[in-house]
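So you can see what is in the structure, the chains are spelled out below.
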Amino acid sequence: MITKESIENLKSHLDVVDIISQFLELKKSGANFKACCPFHGEDTPSFVVSPAKQIYHCFGCGVGGDSIKFVMEYEKLSYPEAIEKLASMTNVSLQYDNNFKKIDSTIISKVNEYYVKLLTHNQEATKYLKSRGISDFSIEKFEIGYAGNSNDTINFLKTSFLNLADAKEFGIIDSGQNGLYSRFIDRITFPIYTINGNIVGFGGRTISGHNAKYVNSPQTKLFNKSRLLYGYNLAKDSIYKQNTIIITEGYLDVVMLHQAGFNNTVATLGTALTQEHLPLLKRGEPKVIVAYDGDKAGLNAAYKASLLLSHGNFMGGVVIFKEGMDPADMVNNNQIDDLNNMFSSPVGFIPFVIDFIIKKFNVENPQEKQQALKESNDFLKTLDPILQEEYQSLVARKLNVNSQLIQVQHFNNQRSNNVNLSSIDIAELSIIKTVLDDTSLLEVVKKELRPEMFEIHSNEYNLLVNEPEHPHLVGLMLNEHLISYSKEELKHQLNLLLVPYYNKQLQQLTYDKDIDFKIKARKIRDIKKKLHDLRSSKLINI
Ligand SMILES: [Zn+2]
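Residues numbered from 1 in each chain as written. Predicted model: local features only at pLDDT ≥ 70, side-chain atom pairs only at ≥ 80, totals over all residues. Heavy atoms only, no water.

The next point concerns the overall build of the chain. The secondary structure content of the chain amounts to 24 helices and 16 strands. Each principal axis of the C-alpha distribution contributes one length, and for the chain these read about 85 × 70 × 70 Å. Across the 542 residues in the chain, those meeting the buried criterion constitute 44%. Contacts spanning at least 24 positions in sequence make up 64% of the contacts within the chain whose residues lie at least 6 apart. Counting every atom, the chain has about 28,200 Å² of accessible surface; 49% of that belongs to carbon and sulfur. Measuring between centres, the 60 positive side-chain charges of the chain sit 5 Å from its 63 negative side-chain charges. (Helix = DSSP H or I, 4+ residues; strand = E, 2+ residues; numbered from the N terminus. Buried < 20%, exposed > 50% of the residue type's maximum accessible area, 1.4 Å probe, protein only. Contact = heavy atoms within 4.5 Å. Areas by Shrake-Rupley, 256 points an atom, 1.4 Å probe, with all protein chains shown as cover. Lys, Arg positive; Asp, Glu negative; His and termini not counted. Charge placed at Lys NZ, Arg CZ, Asp CG, Glu CD.)

Written out as structure tokens, the structure reads:
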């Protein structure tokens, strides 16, 4: 984490006029500055920046805040991301506390530059790119490169005096029986950036007929495949402007769709869409278009994505490409109008799931129809009550049954996501949300935390440990009433949960007459040790 002191130091270097004028054209107006508000459409400026108060305010739509808030809103960044962006804009360095080392990604940028240069010298690779219809402009925009043989990469690292251990840490090279080798050999390379514009890994496509058509960088501290989206850094402006994001399956789809003007396209990195992608998709609340291939794998992936997105209440839907076609081919065939039509009329996530379920069965057969009804019902029950009502008739129509056979669930006794959360609910659920947001915490938390230690939400915790993909957890992840704690705060909250729990255990044990004295003494000793460790904050090592 970034230290508080360095954030304070950064703040003292920020000037709101200086920062905002790097994004908007500000005009002096008395003691203040004015501009047309970037957060709502307007022709006469009502967005005012005050150097004296170091704040901005829009009299049209009511937004306002300081430099940090502006960068968060304008660039759709989280607080720490905005801090890092401001630090680099103002050349102020940040300090991180011990358990987090800011990783220097210079080495991976250098390697990227090297790959980009190699591409210009490699006829085979450029010929392949041309054959797929990729323009020079796209090659430059996406910094597409070429990794040659293993020794070339290693020699490059050595002659550039780059640290080989760092290169290993970034997954550029690895060591095997015969010494060091490069992870990308004879491959076209696609650098993968974070939303903030740091390269964290590569995708590579073979051009020498290797068995693995595509490989990605290995999972590293920085490179988390299930959280990143290829092309997001280049697509984000269009995503927010058009209020729509298109998710495809491959690097080439992204490159070609951008080339055809669909600049809001991204792709998952050879994996399915996961819960961990959802916070990124939520930024700016765009409509999500899942655009996948029509083969079996593509349909299955679209089904899973639709389940995830319908539970997260995302707007948008699914577009399936005819078998054998992919968006890259369609752009290459100049079918831009077809693409436009497809993207503007996707099938909603919920109807897509219902269709997918029903298609698995032969509904002419009464028993299979019954099974289709049951599975559709089970899916409907996982949705919000209003949506259940809404799609009841769709299922009835599709199966040609009386809609009274579709049982929607009424949520009378159920705790719904946002209503009446007590402070205990919030504290307990926020612990769960924090771990969902950073799954690396789960291993540590699991060591000391068992479901029965929660006063109310042992079920949710149980899901987190045993069924982390459960739809109910998506709801928690996106619930704005819950907090994603910092590590420090998480530790504190766990103490608040565990100290009373162990005290209660201790009390019960003390008055327990049926237990053998020796066992009792040992148990009491164990609990006291836990309490002692908790108080001296040695129990949980986050
Ligand atoms: Zn405004």
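On we go.
Glancing now at the sheet that holds strand β11 (residues 214-216). Read from one edge to the other, the open sheet built from 4 strands follows the order β6-β9-β10-β11, with strand pairing classed as antiparallel. On the outer flanks of this sheet lie β6 (145-147) and β11, each paired with one strand and no other. Across the sheet, the axes of successive neighbouring strands diverge by a mean angle of 35 degrees, strand direction being ignored. Where β6 and strand β9 (residues 187-193) come together, 3 bridges link them in antiparallel fashion. In the strand pairing of β9, alanine 147 is matched with arginine 187. Strands β9, β10 (199-206) and β11 of the sheet are contacted by helix α11 (residues 251-259), whose axis makes an angle of about 75 degrees with β9. (Pairing = 2+ DSSP bridges. Axes fitted to C-alpha atoms, helices over the stretch in contact; angles between N-to-C directions.)

This part takes up the nonpolar core. Side chains of nonpolar character tend, in soluble globular proteins, to be buried together. Counting residues in hydrophobic clusters, the biggest one holds 73 residues, and the most contacted among them are Ile20, Phe47, Val49, Tyr232, Leu281 and Leu309. Sorting elements by how many residues they give to this core places helix α16 (residues 349-359) first, with 8 residues. Tyr146, Met256, Ala267 and Ile289 belong to the second largest nonpolar core, which has 36 residues in total. (Core = buried A, V, L, I, M, F, W, Y, C linked by side-chain atoms within 4.5 Å.)

Sheet architecture is open: 5 strands sit in the order β1-β2-β3-β4-β5, paired in antiparallel fashion. Unpaired on one side and paired on the other, β1 (27-29) and β5 (64-65) mark the two borders of the sheet. In terms of strand pairing, strand β4 (residues 55-58) meets β5 through 2 bridges, oriented antiparallel. Note on β5: the bridge partner recorded for histidine 57 is glycine 64. Most of the contacts of helix α3 (residues 67-75) go to β4, to which it runs at about 50 degrees, and overall it touches β3 (47-50), β4 and β5.

Okay, the packing of aromatic side chains next. Summed over the entire model, instances satisfying the criterion amount to 23 aromatic pairs. Centre to centre, the rings of phenylalanine 184 and phenylalanine 202 are 5.8 Å apart; their planes meet at 70 degrees, and the pair counts as edge-to-face. Of the two residues, phenylalanine 184 is situated in the loop between β8 (179-182) and β9 and phenylalanine 202 in strand β10; the sequence distance between them amounts to 18 residues. In this structure, phenylalanine 184 and phenylalanine 202 share a single accessibility class: buried. Taken together, Phe23, Phe39, Phe47, Tyr56, Phe70 and Tyr74 form an aromatic cluster joined through their ring pairs. A cation sits over an aromatic face here: lysine 76 above tyrosine 240, 4.7 Å from the ring centre. Over the ring of phenylalanine 314 we find lysine 282; its NZ or CZ atom is 4.7 Å from the centre of that ring. (Phe/Tyr/Trp six-rings, centres within 6.5 Å; stacked < 30°, edge-to-face > 60°. Lys NZ or Arg CZ within 6 Å of the ring centre and 35° of its normal.)

Protein coordination of the zinc ion is provided by Cys37 (SG), His40 (ND1), Cys58 (SG) and Cys61 (SG), with donor distances spanning 2.0 to 2.3 Å. Counting residues between consecutive donors of the zinc ion along the chain gives the motif C-x2-H-x17-C-x2-C. Here cysteine 37 is found in the loop between β2 (32-35) and β3, whereas its partner cysteine 58 is found in strand β4, with 21 residues between them in sequence. Across the pair, cysteine 58 and cysteine 37 agree in class, each one buried. (Donors = N, O, S within 2.8 Å, 3.2 Å for Na, K, Ca; no water.)

If you trace the backbone, leucine 498 turns up in helix α23 (residues 487-510). For the pair leucine 498 and leucine 118, spaced 380 residues apart in sequence, the C-alpha separation works out to 57 Å. Aside from chain neighbours lying at most four places away, what touches leucine 498 is Glu448, Leu449, Met453, Leu534, Leu539 and Ile540.

Our focus in this paragraph is the side chain of serine 306. Note on placement: serine 306 falls in helix α13 (residues 296-311). Ignoring any residue separated from it by four or fewer positions in sequence, one finds serine 306 in contact with Val318, Phe349, Phe352 and Val353.

What follows deals with unusual backbone geometry. Positive phi, normally seen in glycine, also occurs at asparagine 334, with a value near 65 degrees. Here asparagine 334 shows up in the loop between α14 (327-332) and α15 (336-344). A residue is classified by how much of its surface remains accessible, and asparagine 334, at 62% relative accessible area, is exposed. Residues other than glycine seldom take positive phi values, yet asparagine 400 does so here, at roughly 55 degrees. With respect to the helices, strands and loops of the structure, asparagine 400 is situated in the loop between α18 (385-399) and α19 (423-437).

Before going further, it helps to examine the pattern of salt bridges. Close approach of charged atoms allows side chains with opposite charge to pair. Tallying each qualifying case throughout the model produces 17 salt bridges. Aspartate 355 is the salt-bridge partner of lysine 398, the closest N and O atoms lying 2.8 Å from each other. Here aspartate 355 lies in helix α16 and lysine 398 lies in helix α18, a separation of 43 residues in the sequence. Here lysine 374 ties to aspartate 378 by a salt bridge, and the two come within 2.9 Å at their closest N and O atoms. Of the two residues, lysine 374 and aspartate 378 are both situated in helix α17 (residues 366-380); the distance of 4 residues between them amounts to about one turn of the helix. Residue classification places lysine 374 among the partly exposed residues on the basis of a relative accessible area of 42%. When its relative accessible area of 35% is taken as the criterion, aspartate 378 is described as partly exposed. (Salt bridge = Lys/Arg side-chain N within 4 Å of Asp/Glu carboxyl O.)

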